[in-house]
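# Close look at the chain arrangement
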Amino acid sequence: MKSDIAYENDLNPSQLEAVQYYDSPLLVLAGAGSGKTRVITYKIAYLINECGFDPGSILAVTFTNKASNEMRQRVNDLLGADTDVWIRTFHSTAAKLLRVYGRMFGVDAGFSIIDGRDQVSVVRQILKKLKQDTESHKPEKYVALISRAKDSLLDAQQAGESEFSTDPLFYDIYRRYEDMLKRENLFDFGDLLFVVVRGLKRSPEALSALKRRFSYILVDEFQDTNHSQYTLVKLLAQPEGNVCVVGDDDQSIYGFRGARVENVLNFRKDYKGAKIIKLEENYRSCQNILTASSSVINRNPGRLGKTLYTKKGRGEKLSFYRASSDRNEALYIAYEIQSLILGEGYRFSDFAVFYRMNAQSRVFESTFTQAKIPYTIVGGLRFYEREEVKDILSYIRLLLNPMDEVSLRRVIAKPPRGIGQRTVDRMVDSTIALGLPFYRAAEEDDIFASRGRKVKEFIAFMKDLEGQLDTGTSSDLLTKIYEETGYPEWLEEQRKEDKLHNLDELYNAVEEFSRRNPSSPISEFIEEVSLNQGSGEEGTAGNGANNRVFLITLHNAKGLEFPVVFIAGMEEGVFPHFLSGERPEDLQEERRLCYVGMTRAMERLYFTAARIRRLYGRSIERGVSNFMTEVPGELLVCREEKGFDSPKVSYYDRGIEKKRTAPKSAVPRTRVPVDDLEENTRIVHEHFGKGRVLEVSKGIAVIRFDDGQVMKFMLQYTPIRKDNDDGD
DNA sequence: CCAATAAGTGTTTTT
DNA sequence: CACTTATTGG
């Protein structure tokens, strides 16, 4: 196929240089919105079309599945066909290598992958065995330590030798954790990379095999690489230098999971003759947004420093709104979205709401549902992490890997079948002692028999299901599991409609998978969902397939862009998060996160805060985030919520002391008095205060508020009423 | 020894 | 609020 890509036309001079350069290792310092994905995708096309690289020998790594899917799509569009280029996340690259070259790496390629919550339950198990209370020794803390050790390529012994932690208990826990995972052929996320890197270091054959396999390597979001990821790239790309990394030190936001910005800063030292190209023209944001975000990020010391510029106009000023409560913060955003749609012709999909914590999404979900604003939640409690979905998947995992104690413990009492903790402990002990999967061990050890019929029944039906594993389709197997476990009936008894619905969704997902990959075993489905944690049907509401507002954490927002962005929860303690307050580098990472959020916005950028926020069942009053003071005042329009009666306290929050609060539904209550609105009527809007009606037609009112703002509202959904001040 | 219920508690970000 | 552990009744 002849190449007809207009490189010179489609790319600016720096981008073009980055695409065409391949004489030595290349570091592209790409500012926010400077077209870095464009560079990577065009470079892949260029390598194939102009330099004669075999597509299958190019490896392009990203951090999220979302990013890799998008990149594949764009490469396919450029090349006009489905490409063989390896476009994968780091973890999926490592998993694939281990599945294919398991023997070379000395691992059993039938391993299962466990997620963070499984890790916690393993550590909890270990702490129990060690008779340590989980109050003072939090499992999560040890999981984090273990993960960081693996990121740093330290096993339990090496961690001990290098005094990785000051907690002496840690090494014992880590060692037991390793033993258990090994015994059960389980890999956590950190293992995937750790085992590959260790294998490459130990085995020159493996290393040279992979070097032959991959002739060029591209890495996206290089500032987010941890030590093991950095080492993997280095092993594959040194000394040949066939590598291009793209990153932005200002967007490093994953320090908490071991990312090292220094990897960007040190690239030139580690790769001899490395070329550095900066991309500084921003194609995304208006000048005001760019200026404001630069002003924020400038507070951070030790940056490489870039000067971003744009040819776009100044655009609107940024806006800050402080609501009285989290609920009213969400309402404000809902009205603002409706107003911009009516007044400026935006669509729902032009908007995104960013927040620091997943817990903040709930209030937006309920408020948007009420306001009839369709939304999509990205991240949060993902589909494949939901209890009922994980339970069913665990049955499959247990069938695929009968040594998997984590899955066994998960499913054994779901639904309850008369087998408890104590019996499982015995089953597991026996399994360990005999080194056999539990349903083989049952034949060797009458401990199982002594527990009577219940255990035998469980084993019998698991054996039966095992027999079904290789016969029939994946969806047949799922049907069988639904039938034999009685899980759906169990949910039905408890009236868990949502959960039942999720099992239907799961069935659809499996069926869809079978259709897409007719010859693939169900293990590949499990692999996909284990690594692709973000995919699947997310929580959605409203109709219209793609025209939805995005609700998303700041971390997940990286790499995306939206015409209008709301950054919610701009409160000290929420953002920056109070746990990041201790060390200055943590605060700097929060600031980079703020920068990432701000630079997603193309045309309009709003900050919002709540004076009082309900979180973890408590209502707490908080001050405004210090980040707000870092946005230049002349670029920011600030407003505070105005209530119906009092300028400060809203109506909704009178019952902060856990007394009953105002009626749940704001919509019907506010609809009443507006029917007779006409031109020139004085009104009060719950959030924007007093104003005058300029125009009313088809249920939409145009209002000029006393502070000069003109906004449009759908009367049906807006808390507005006639101003009766004169009368009283 | 199992399973349902009550009480208590900690509060981030993700592959 | 959501999730873990302690308790009690079977």
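Residues numbered from 1 in each chain as written. Chains lettered and ligands numbered in written order. Predicted model: local features only at pLDDT ≥ 70, side-chain atom pairs only at ≥ 80, totals over all residues. Heavy atoms only, no water.

## Structural notes on the overall build of chain A
The helix and strand tally for chain A stands at 30 helices and 22 strands. Relative to its 728 residues, chain A shows a buried fraction of 56%. In chain A, the share of contacts with a sequence separation of at least 24, taken over all contacts with a separation of at least 6, comes to 75%. Only carbon and sulfur atoms are counted for the fraction: they give 47% of the accessible area of chain A, which is about 32200 Å². (Helix = DSSP H or I, 4+ residues; strand = E, 2+ residues; numbered from the N terminus. Buried < 20%, exposed > 50% of the residue type's maximum accessible area, 1.4 Å probe, protein only. Contact = heavy atoms within 4.5 Å. Areas by Shrake-Rupley, 256 points an atom, 1.4 Å probe, with all protein chains shown as cover.)

## Some thoughts on the packing of helix 3 (residues 36–49) against helix 4 (residues 65–79)
Where helix 3 meets helix 4, the closest approach of the two axes is 9 Å, and the angle between their N-to-C directions is 45°. In terms of axis orientation, helix 3 runs oblique to helix 4. Where helix 3 crosses over helix 4, the handedness of that crossing is right-handed. Of the residues in helix 4, those in contact with T37, R38, I40, T41, Y42, I44, A45, I48 and N49 of helix 3 are M71, R74, V75, L78 and L79. (Axes fitted to C-alpha atoms, helices over the stretch in contact; angles between N-to-C directions. Parallel < 35°, antiparallel > 145°, perpendicular 65-115°, else oblique. Left-handed = near helix turned anticlockwise from the far one by under 90°.)

## Side note on the protein's contact with DNA strand B
Taken together, 28 residues are adjacent to DNA strand B, and R356, G418, T423, Y616 and R618 come closest. Put simply, 63% of the atoms of DNA strand B that lie within 4 Å of the protein are in sugar or phosphate. Between a phosphate oxygen of DNA strand B and a main-chain N or O atom of N358, the distance comes to 2.7 Å. At 3.4 Å, a side-chain N or O of H555 approaches a base oxygen of DNA strand B. Elements represented by at least two residues in the surface near DNA strand B include exactly helix 20 (421–434) and helix 28 (554–557). (Near = heavy atom within 4 Å. Polar contact = N/O pair within 3.5 Å; in protein donor to acceptor, adjacent residues only side chain to side chain.)

## Considerations on the sheet that holds strand 8 (residues 275–279)
An order of 3-2-6-7-1-8 is seen for the six strands of this open sheet, with the pairing classed as parallel. A strand with exactly one partner marks an edge of an open sheet, and here the two such strands are strand 3 (86–89) and strand 8. On average, each strand axis in the sheet is inclined to that of its neighbour by 15°, with strand direction left out of account. Note that strand 1 (residues 26–30) and strand 8 share five bridges and pair parallel. Across the sheet, the residue bridging to A30 is L279, located in strand 8. The strands that helix 4 touches are strand 2 (58–62) and strand 3; relative to strand 3, the one it contacts most, it runs at about 165°. Here helix 5 (residues 90–100) sits on the sheet in contact with strand 2, strand 3 and strand 6 (216–219), set at roughly 110° to strand 3. (Pairing = 2+ DSSP bridges.)

## Looking at the pattern of salt bridges
Following the criterion strictly, the structure yields 48 salt bridges and no others. Across the pair E140 and R124 runs a salt bridge, and its minimum N-O distance is 3.9 Å. Linking E140 in helix 7 (residues 139–151) with R124 in helix 6 (residues 116–129), this pair joins segments that are 16 residues apart in sequence. The partly exposed category is assigned to E140, whose relative accessible area is 44%. Exposure remark for R124: the relative accessible area of 38% places this residue in the partly exposed category. (Salt bridge = Lys/Arg side-chain N within 4 Å of Asp/Glu carboxyl O.)

## Some details on empty space enclosed by the protein
One pass over the full model with this rule turns up four cavities of 30 Å³ or more. The space that makes up the largest cavity amounts to roughly 170 Å³. Lining the largest cavity are 18 residues, and of these D115, D118, Y384, K390 and R397 lie nearest its centre. Looking at the lining of the largest cavity, the elements that each hand over two or more residues are helix 18 (387–400), helix 19 (405–411) and helix 27 (522–531). The element contributing the most residues to the lining of the largest cavity is helix 18, with four residues. Residues that form the lining of the largest cavity fall into these classes: eight nonpolar, four polar and six charged. There is about 100 Å³ of room inside the second largest cavity. For the second largest cavity, the full set of lining residues is R183, E184, P402, M403, D404, E405, L408, M427, V428, T431, I432 and F438. Only helix 19 and helix 20 provide two or more residues apiece to the lining of the second largest cavity. Here the lining of the second largest cavity takes four residues from helix 20, the largest share from any one element. Residue classes in the lining of the second largest cavity are distributed as seven nonpolar, one polar and four charged. (1 Å grid on protein atoms, 1.4 Å probe; cavity = no way out; pocket = protein on both sides within 12 Å on 5 of 7 lines; lining within 4 Å. Points joined across faces, edges and corners; volume = space filled by probe spheres on them. Nonpolar A, V, L, I, M, F, W, Y, C, P; charged D, E, K, R; others polar.)

## Re a negative patch on the surface
Together, E483, E489, E492, E493, E497 and D498 give the surface a local cluster of negative charge. Going through the elements one at a time, helix 25 (487–493) and helix 26 (497–516) are the ones with two or more residues in the negative patch. Take E492: it is sitting in helix 25. (Patch = residues over 30% accessible without salt bridge, like charges linked within 9 Å, V, L, I, M, F, W, Y side chains within 5 Å. Lys, Arg positive; Asp, Glu negative; His and termini not counted. Charge placed at Lys NZ, Arg CZ, Asp CG, Glu CD.)

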